[in-house]
Every structure is written in C-alpha cells, then in structure tokens.
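Chain residues, written in single-letter form:
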Amino acid sequence: GSVVLVVVWGMVASVERPLLFIVFATPLSINLEQLDLGGIGVALPTEPLMVGIMLLFLLKLALERNVVSREVLTHPVTAVMVAQLIWMAACIVPSSMPMVSFKFLVARLWFICSMYFVASRLFEDKRNMHRFFWLFCISLSLVVVYTVIRHAGFHFEQDPAHWVMEPFFKDHTSYGAVLAFFIPMLVLAVGMPGYSRTRKAMAGVLLFVISVGLIFSYTRAAWLSLVGAIGVYLVMKLRVPVWALAVVLLAGGGVYLVNKDQITIALERNRDESSDDLAKHVSSMGNISSDASNLERINRWNSALRMFEERPVFGWGPGTYMFQYAPFQAAEDRTIISTNFGLNGNAHSEYLGPLAEQGVLGMTLMILLVLVTCYRALLLYPRMPAGEDRHLFVGAFLGLVTYYMHGVLNNYLDLDKASVPFWGFTIMVVLFDIKYATKKAEVPALS
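Procedures and definitions
Residues numbered from 1 in each chain as written. Predicted model: local features only at pLDDT ≥ 70, side-chain atom pairs only at ≥ 80, totals over all residues. Heavy atoms only, no water. Helix = DSSP H or I, 4+ residues; strand = E, 2+ residues; numbered from the N terminus. Expected span 1.5 Å × (residues − 1). Buried < 20%, exposed > 50% of the residue type's maximum accessible area, 1.4 Å probe, protein only. Core = buried A, V, L, I, M, F, W, Y, C linked by side-chain atoms within 4.5 Å. Contact = heavy atoms within 4.5 Å. Phe/Tyr/Trp six-rings, centres within 6.5 Å; stacked < 30°, edge-to-face > 60°. Lys NZ or Arg CZ within 6 Å of the ring centre and 35° of its normal. pLDDT = per-residue confidence, 0-100. Polar contact = N/O pair within 3.5 Å; in protein donor to acceptor, adjacent residues only side chain to side chain.

A word on helix α10 (residues 220-237). The end-to-end C-alpha distance of α10 is 26 Å, a good match for the 26 Å that 18 residues give at a rise of 1.5 Å each. Of the positions making up α10, those classed as buried are R220, A221, A222, W223, S225, L226, G228, A229, V232, V235 and M236. Count one or two residues on from α10 and you reach R239, which has phi positive near 55 degrees.

Rendered as structure tokens:
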C-alpha cells in the first residue's frame, strides 16, 4: 500500500524532492542482504524510493507525452543504454537462473529510470546539478569521518581497512571507487565560477575529507583511476584529436598483445604484497605471483572467460555470475581466498562480467557505452565556453572516467552507491552535449 501512496503522492507533488533525498541518502544507505530476497540485497531507504519513482515514471510515460525530451531519447548514449536493457531482457529467457536475471534487469531499470530519465528533467534546472553532487558529497564525507575514526582505533592498519566502512559499504574497493568518483568534481568546485568564497572553502574541506578517505581506503584501483582521469584531462586541455587518441590506444593494445608473455613474467617477479606501507601497496598492483587479491581477480576473470566459451551468445544470464562461476575455477588459478561455492561476489570487471552473463553482445554494449560517452565528451569540450557549465561537465565526465577505469578491475553497477553517480553523471554529460550541440551553419563544408 505504501508504494501506491508514494506513486500517487509523486504524481501530485514534484518528483524533485524525493530524487534529491535519494541522492543524499545513497552514501548512507544500508544494504540488507540479510533479507535475502532471492539472493539480491536491497539498499534502504534508497531502492524502495527508486522503485516508486520508476513506477511513477512508467505511469507518466503511458499517460503523457514529452516525459523525456526528444533530444535525450535520440542521443547516442541513450540509444546504447536502451540497447543494453533490451539485450538484458533477451538474455532472461535462456538464462541459467531466469528469476535472478529478471530481478537484475528490474534493479537496473529503477536506477536508470530515476537517475537518468527522471534526472534529465530535474537537471534542466542547473542548480539541481550542483545540488546532486553537494548532497552526495556531504553525505559521503559523513561516511568517511565515521570510517576514518573507526580505522584510527586500529592504527590505520591495512586489514581493518577492508571492513571499517561497514555497514555503509560492504568493502574497501567499492568505497574507494565511489570516493574517486567525486574527487574531480570537488577539485573543480574549489574554483567553480559563481561560487562564493564560503562555498569554495566548503568544497575544499570536502575535497580534503574525501581524499583522506581515499588514501586510507587502501584501494589501489581507485588511486590508479585518478591518475587515468588526470591523463584524460590533459588530453582534453591539449585538444588532442580523438583519432590520435584512438591510434595511441590501438598501438598500446597491440604492444601489450605482442609482449603479453614478457609483461606477465615481469609482473610475476614483483613480490610486493599489499600492505600498510602506502608505497609498497602501490607497487603491489603489479604483483600477480603472490598478492591474493590480484590473483583472485585473475581467477574471476579466467572463470568469466571459461563461462563465455561455454555460452558465447546469451551468456549465463544477467546477475548469475556469482552463482555459476565456482565450477569454472581452474586449480592453478585458485587462491587462499577462493571458495568452492563461489560465494564472494562478482566477476571483478564491468566488461568481463557482462561477457559471461550476456555473451559477446553484452560486453560489446558495455564497451560501446563507455566509448560513445567518451567520444561525445571529447568532441564537446572544445565547443564549450569557459565557465560554470564547463566546470560541471568536466567534473562529471572525469568522475565517469575514474569509474570506466575502475570497471576494468571491479564492478559495482548493481550497487546504489555506484549506480546513482554513474547514471547521474552520464545524463549530465548528455545534457551538456545537447545544450552545446554543433550548429550546422558553423561547420565549414571542408572541415
């Protein structure tokens, strides 16, 4: 009954407040996996509210026109995202666990309906873009303060760093990924045109708190992803053409494939284990001979590839990796943290996960989503005048870049903590791309 009331109230009132409340509540939400609704935990209070917003959105879609602007609906990023949803739905039928896959799709739908489509209307008022990241960062900094105080009780050792962020985050990697997500936006907020001194100072304080959280999260992937974001920022600043970037990436990939064995041997020589010593912890990223978390990741990736070989077209079904990968672990890949039942989560990759779960098209669409967003963003940057919009755009895009890079090593798009900023920042990039669309007249015929 309460859901019905939420929907009715939402139709009468504006959807603005509930949506902004969800953004604020997301870092503080608690995932009740104990409820065990068929293997899928529900984050409270955020996900039930998103379900309400999704129902409201679908209802409005049935009753009204122009619920979402035509430009948003026809944007290439939206097209890829909708294709992902359609393919996910197609993969439910042949799924190894259709109920799990159905729930996975519905969860993805409530994230996208609320944080992409409904947010596209919310963000027409630019103040709501500012509110989005302020609300999330303020609430995230509360989680950091809680975590750092708890961690201090253990003298900032590395082992407690894995769980001191509970119950708000289930582990240090998702916590680190979400902290890294907001650092570019906070850096830009410190110099945001139109902000008062007080506001810039507040941004500075939040930047400090979240950076401290990131350092003590011991999340190597998150540190790496920020380095990547700086690289992309330089590419934008130096106006490196997109084709040149593509050439460099293809060449880099080629060099890696040719020298794959030598690179693996070099990495196997690295015996730095992840540790309290930050410098060693950084160098342990390349240790694939004895660092358990690195090895376990390789175990998950290899399992995903074997699963793909067995079901290349439809995969095993969205959301099923964690229930299905156990028998695909090879003896030589197993680590001290492997389990026979394969209970510990997912494929540790936003790209290999869909490959195992939704076949070759599943991975292709995820890579396409990243490439299309990056392509549009890199073309958009030179068109934008300096100022507030460009600051917001760069902050949102570089936040997404940290996540795309993180996605190579981990996947969290099934968590509200990562999905809310992921889809929220994606729609910001899309809206700026629409706002600063190339005017046909300005483009000379022989450009």
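Ranked by internal contacts, the top residues of the largest apolar core, which has 108 residues, are Y116, F133, F393, F397 and F422. A per-element tally of this core places helix α6 (residues 98-122) first, with 13 residues. Apart from residues lying up to four places away in sequence, Y116 is in contact with V72, V77, T78, M81, F111, W423, T426, I427 and V430. M307, Y321, F328 and A347 belong to the second-largest nonpolar core, a separate cluster that totals 10 residues.

Time to look at the packing of aromatic side chains. In the structure shown here, the tally under the stated rule is 24 aromatic pairs. Relative to F117, the ring of Y116 has its centre 5.2 Å away and its plane inclined at 90 degrees; by these criteria the two rings are edge-to-face. Accessibility classification places Y116 together with F117 in one group, the buried group. The lysine or arginine in question, R311, covers the ring of W316, its NZ or CZ lying 4.2 Å from the ring centre.

Right, let's talk about the confidence of the model for the chain for a bit. Overall, the prediction assigns the chain a mean pLDDT of 87, with 87% of residues at 70 or greater. The spread of mean pLDDT over the elements of the chain runs between helix α1 (residues 2-12), the lowest at 61, and helix α5 (residues 76-90), the highest at 98. Ignoring residues within four places in sequence, the model shows residues 34-38, a span with pLDDT below 50, making 4 contacts including any to other chains. Counted against residues more than four places away or in other chains, residues 441-447, with its pLDDT under 50, gives 0 contacts.

Tracing the backbone through its elements, the reader meets Y403 in helix α17 (residues 388-409). Linking Y403 and A229, residues 174 residues apart in sequence, is a C-alpha distance of 9.4 Å. Beyond its immediate sequence surroundings of up to four residues, Y403 is in contact with F181, E350, N411, Y412, L413, A418 and F422. A polar atom in the side chain of Y403 sits 3.0 Å from the backbone nitrogen of Y412.

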